[in-house]
Amino acid sequence: MNAPIMTQAALEIWLTNLLPDHTVIAPQPQGQQIVFAPLAQVSDIAWDAGRTDLSAKEFFLPASEAIITLRPSTGGLQVETTHLTRPQVIFGARPCDGHALEVLDRLFLDDPVDVYYAERRAMTTMVGLACSDGPWTGCFCTALGGGPSDRTHLDILLTACDGGFAVDVVTDKGRALLEAGAAVLASADVALPEPPAVTDLHLPDMTAWRAAFNAPYWAELAERCLGCRTCTYDCPVCYCFDVRDRVMGDGSIERLRCWDSCQGALCFAIAGGHNPRPTQAARQRQRYMHKFLYYPEREGAALCVGCGRCVEQCPVNIDIREVIGFVAANNRAAAAEVQS
Ligand code: SF4
Ligand code: SF4
């Protein structure tokens, strides 16, 4: 097929041209991990890293952020709110990272709109990279309606090909970004690689999740779970947060929004000390029921994009695909019992 392409050199020049006016966020090594981080220079990009260990969620919903600051001033308090000051570009996002934003938009952009998320979303352009170099440990995006070359939730999708990258401009925002960095595109006959096969897993319907609510399986999972929260913090769509106020040394007060996790023992505790989910079994069940029953009931889509990060990073190898497999098998067994 004849497609617009960018050579590797042209791509690097384009990104360099964007740096003065944009925060370009791209996969880079950090300790033992590959994470999305603001780019100082294009040579820092981890080009062959595959899927990042952490998602790009923190650039839309930071792990910890002072959303409002009250500062003493003559005659009262001065109110400062947090704003993004520069447009940002997420470069090297995978199709599941784009899909994750579509899932989060349902929550944060619905009435009442979360102004902090909405501002970041409006000021961010997603430049994706098709997963022709995947899949990686735990990937099951196709079971959630995504795919390794899914373009729908990105602004630009690049696909590695002979001579550089085929450039698929998905949105006007993507086109504007190409122009902003004076991208040099050529046109060439390219054979795009076949997207890799990902999984044959199928998601059970909501009835199956409801039927599994009282299964002893959740207690078995909980015996392994350490409650470390890794699975929720590395997830691109887990969005739970807490809001706290703290008094600073100069007398100002910061209202902080910080990530929370359903896998923490005190996540559900309320005033008076009552905890409606006092056991790890209840909290494990909540994690999966929220993703595949409660959120779809409310928002019309699963709270999971099948990125596989939680599979790869759980220290005790709890695998969400096995949980899905259990719920499906439990449902088949219940149906067989009814028929017999
Ligand atoms: S990463 Fe694994 S051990 Fe840690 S809270 Fe999640 S399921 Fe439990
Ligand atoms: S639950 Fe696991 S597989 Fe699903 S989006 Fe979150 S980290 Fe990825």
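Keep in mind the model is a prediction, meaning the values are calculated, not measured.

*Asks:* Lay out the overall build of the protein chain with the relevant residues and their values.
*Replies:* Helix and strand content of the protein chain: ten helices and twelve strands. In summary, the protein chain has a C-alpha radius of gyration of 22 Å against a globular reference of 20 Å for 340 residues, a match within 12%. Across the 340 residues that make up the protein chain, the buried fraction comes to 49%. Pairs at least 24 apart in sequence give 70% of the contacts found in the protein chain among residues at least 6 apart. Surface accessibility of the protein chain: about 16,100 Å² in total, with carbon and sulfur atoms responsible for 54%. Between the centroid of the 27 positive side chains of the protein chain and the centroid of its 40 negative side chains there is a distance of 6 Å.

*Asks:* For the layout of surface pockets, give the residues involved together with the corresponding values.
*Replies:* For the largest pocket, the calculated volume is near 160 Å³. Contributing to the lining of the largest pocket are Gln8, Trp47, Asp48, Arg94, Leu129, Ala130, Ser132, Asp133, Ala160 and Phe165. Classifying every residue of the lining of the largest pocket gives five nonpolar, two polar and three charged.

*Asks:* Explain helix α2 (residues 95–108) residue by residue, including any values.
*Replies:* With 14 residues, α2 should reach 20 Å at 1.5 Å per residue; the first-to-last C-alpha distance of 20 Å fits that figure. Across the 14 residues of α2, eleven count as buried, placing the element largely inside the fold. Listing the buried residues of α2 in full gives Pro95, Cys96, Asp97, Gly98, His99, Ala100, Leu101, Val103, Leu104, Asp105 and Phe108.

*Asks:* Before we move on, can you summarise helix α10 (residues 320–339) with the specific residues and values?
*Replies:* End to end, α10 covers 29 Å across 20 residues, agreeing with the expected 28 Å (1.5 Å per residue, within 8%). Residues of α10 that are buried include every one of Ile320, Val323, Ile324, Phe326, Val327 and Ala328, and no others. In this fold, the buried residues of α10 make contact with α5 (206–211), α6 (217–224), α8 (280–299) and α9 (309–313).

*Asks:* If you had to explain the site of ligand 1 to someone new, which residues and values would you point to?
*Replies:* Around ligand 1, the surrounding shell holds 13 residues, and the nearest of these are Cys225, Leu226, Cys228, Cys231 and Cys314. Its residues assigned to classes, the shell around ligand 1 comprises eight nonpolar, four polar and one charged.

*Asks:* Account for the pattern of salt bridges, with residues named and values stated.
*Replies:* Scanning all chains against the criterion turns up 16 salt bridges. For Arg121, the salt bridge identified is with Asp105, shortest N-O distance 2.8 Å. Of this pair, Arg121 sits in helix α3 (residues 115–122) while Asp105 sits in helix α2, and the two are 16 residues apart along the sequence. Considered together, Arg121 and Asp105 belong to a single accessibility category, that of buried residues. Salt-bridge contacts for Arg244 lead to Asp242; the nearest nitrogen and oxygen are separated by 3.2 Å. Through salt bridges with shared partners, a single ionic network connects Arg71, Glu80 and Asp250.

*Asks:* Please give an account of the packing of aromatic side chains that cites residues and values.
*Replies:* One pass over the full model with this rule turns up twelve aromatic pairs. For the ring pair Phe108 and Tyr117, a centre distance of 4.9 Å and an interplane angle of 25° mean the geometry is stacked. You can call Phe108 buried: its relative accessible area is 5%. Joined through ring pairs, the aromatic side chains of Phe60, Phe108, Tyr117, Tyr239 and Tyr295 make up one cluster. For the cation-ring pair, Arg257 lies above Phe241, with the distance from its terminal atom to the ring centre recorded as 4.6 Å. Arg285 extends its terminal NZ or CZ atom over the ring of Phe213, reaching a point 3.7 Å from the ring centre.

*Asks:* Outline the sheet that holds strand β5 (residues 76–81), listing residues and values.
*Replies:* The antiparallel open sheet is built from four strands, whose spatial order is β5-β4-β12-β11. At either margin of the open sheet sits one strand with a lone partner, and together these are β5 and β11 (241–247). Strand-to-strand, the axes of this sheet are offset by a mean angle of 20°, without reference to chain direction.

*Asks:* Provide a residue-level description of the sheet that holds strand β2 (residues 23–30), including the pertinent values.
*Replies:* Either a parallel or an antiparallel arrangement is found when strands of a sheet pair, and the pairing is made through backbone hydrogen bonds. Taken in spatial order, the eight strands line up as β3-β2-β6-β7-β8-β9-β1-β10 in an open sheet, and their pairing is mixed. The open sheet has two free edges, formed respectively by β3 (33–38) and β10 (186–189), since each of these has just one partner strand. If you compare each strand with its neighbour and ignore which way they point, the axes differ by 35° on average. In this sheet, β3 lies alongside β2 in antiparallel orientation, the contact comprising six bridges.

*Asks:* Explain the site of ligand 2 to me, and be specific about the residues and the numbers.
*Replies:* By nearness alone, 13 residues border ligand 2, and Cys235, Cys304, Cys307, Gly308 and Cys310 come closest of all. A class-by-class count of the residues in the shell around ligand 2 yields nine nonpolar, two polar and two charged.

What counts and how
- Residues numbered from 1 in each chain as written.
- Chains lettered and ligands numbered in written order.
- Predicted model: local features only at pLDDT ≥ 70, side-chain atom pairs only at ≥ 80, totals over all residues.
- Heavy atoms only, no water.
- Helix = DSSP H or I, 4+ residues; strand = E, 2+ residues; numbered from the N terminus.
- Rg over C-alpha atoms; globule rule 2.2 N^0.38 Å.
- Buried < 20%, exposed > 50% of the residue type's maximum accessible area, 1.4 Å probe, protein only.
- Contact = heavy atoms within 4.5 Å.
- Areas by Shrake-Rupley, 256 points an atom, 1.4 Å probe, with all protein chains shown as cover.
- Lys, Arg positive; Asp, Glu negative; His and termini not counted.
- Charge placed at Lys NZ, Arg CZ, Asp CG, Glu CD.
- 1 Å grid on protein atoms, 1.4 Å probe; cavity = no way out; pocket = protein on both sides within 12 Å on 5 of 7 lines; lining within 4 Å.
- Points joined across faces, edges and corners; volume = space filled by probe spheres on them.
- Nonpolar A, V, L, I, M, F, W, Y, C, P; charged D, E, K, R; others polar.
- Expected span 1.5 Å × (residues − 1).
- Near = heavy atom within 4 Å.
- Salt bridge = Lys/Arg side-chain N within 4 Å of Asp/Glu carboxyl O.
- Phe/Tyr/Trp six-rings, centres within 6.5 Å; stacked < 30°, edge-to-face > 60°.
- Lys NZ or Arg CZ within 6 Å of the ring centre and 35° of its normal.
- Pairing = 2+ DSSP bridges.
- Axes fitted to C-alpha atoms, helices over the stretch in contact; angles between N-to-C directions.

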